[in-house]
Amino acid sequence: MDYAFPPAPVVTLDAMSSNPFPVRRIFCVGQNYPDHAREMGADPGRDEPFFFMKPPGAILHNQPVFPYPPGTADLQPEVELVVALHKGGKNIPVDRVDYDYVFGYAVGLDMTRRDLQRAAREKGRPWDMAKAFDHSAPCSAITPEFYAGNISRGKIELKVNGDIRQSGDVGDMILKIPQMVHTLSTLVELFPGDLIFTGTPAGVGPVVPGDVIEATVAGLEPLIVTIGEPAR
Ligand code: MN
């Protein structure tokens, strides 16, 4: 088909022993670890985790430098386990998620303009510009479930210049992966290629140009990026 201009290329993630994984959409879970919910001022016993999105073009992959974004003075990385789906649907049964729907796992960073997020929250406005900006979703290669197994626990950690900032266990997630996929699929139809950034443990804080971020989840490829100077 002829278009008015060339369509954007498909965004892909490398996947071990597989063809590249084409990314369709990026869903994110907010306040999915009790300790992080508390540090954000929420009550994990009362406030349930919630969903938001980033555009697929926000993926930063196989690029060692994350350019410091404009419009913020408080950039904060959040280390997250990323779930990659290769099957979609509506009303997906909880007990079929792990083996039928999950293609594999990756390590991601939910990059956040915390100052814009706070301002949006105070005014009750959407927080897309705090969460869904250019390059706001750095992501490692995918480890297929065949190699990783079903991930339901394991250490998740973020280091900045070698110092541990965030440390937790994915077993502490409030909304577990099967329930998360089920619930999302009752709200929207899911499709192959959808990613879910599953939330972050406590310890979030600002980073500045020159900082080296090392994000890890036990059993997965680490994600290492350096915060670059603002693009001009
Ligand atoms: Mn997050």
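Analysis parameters
- Residues numbered from 1 in each chain as written.
- Predicted model: local features only at pLDDT ≥ 70, side-chain atom pairs only at ≥ 80, totals over all residues.
- Heavy atoms only, no water.
- Helix = DSSP H or I, 4+ residues; strand = E, 2+ residues; numbered from the N terminus.
- Rg over C-alpha atoms; globule rule 2.2 N^0.38 Å.
- Buried < 20%, exposed > 50% of the residue type's maximum accessible area, 1.4 Å probe, protein only.
- Pairing = 2+ DSSP bridges.
- Contact = heavy atoms within 4.5 Å.
- Axes fitted to C-alpha atoms, helices over the stretch in contact; angles between N-to-C directions.

## Digging into the overall build of the protein
Phase 1 of the analysis: Within the protein, the regular secondary structure consists of six helices and 17 strands.
Phase 2 of the analysis: Here the C-alpha atoms of the protein give a radius of gyration of 17 Å, agreeing with the 17 Å that 2.2 N^0.38 yields for 232 residues.
Phase 3 of the analysis: The principal-axis extents of the C-alpha atoms in the protein amount to approximately 50 × 40 × 35 Å.
Phase 4 of the analysis: Put simply, the protein has 232 residues, and 49% of those count as buried.

## Notes on the sheet that holds strand 9 (residues 102-109)
Phase 1 of the analysis: Taken in spatial order, the six strands make up an open sheet running 4-3-15-8-9-12, and their pairing is mixed. The sheet terminates laterally at strand 4 (50-54) and strand 12 (143-144), the two strands that pair on one side only.
Phase 2 of the analysis: Packed on one face of the sheet, helix 6 (residues 177-187) meets strand 3 (26-30), strand 4, strand 8 (79-85), strand 9 and strand 15 (195-197) and runs near 75° to strand 4.

## Digging into unusual backbone geometry
Phase 1 of the analysis: Its identity as a non-glycine residue notwithstanding, Ser 17 has a phi of 55°, on the positive side.
Phase 2 of the analysis: Within the fold, Ser 17 resides in the loop between strand 1 (12-13) and strand 2 (21-22).

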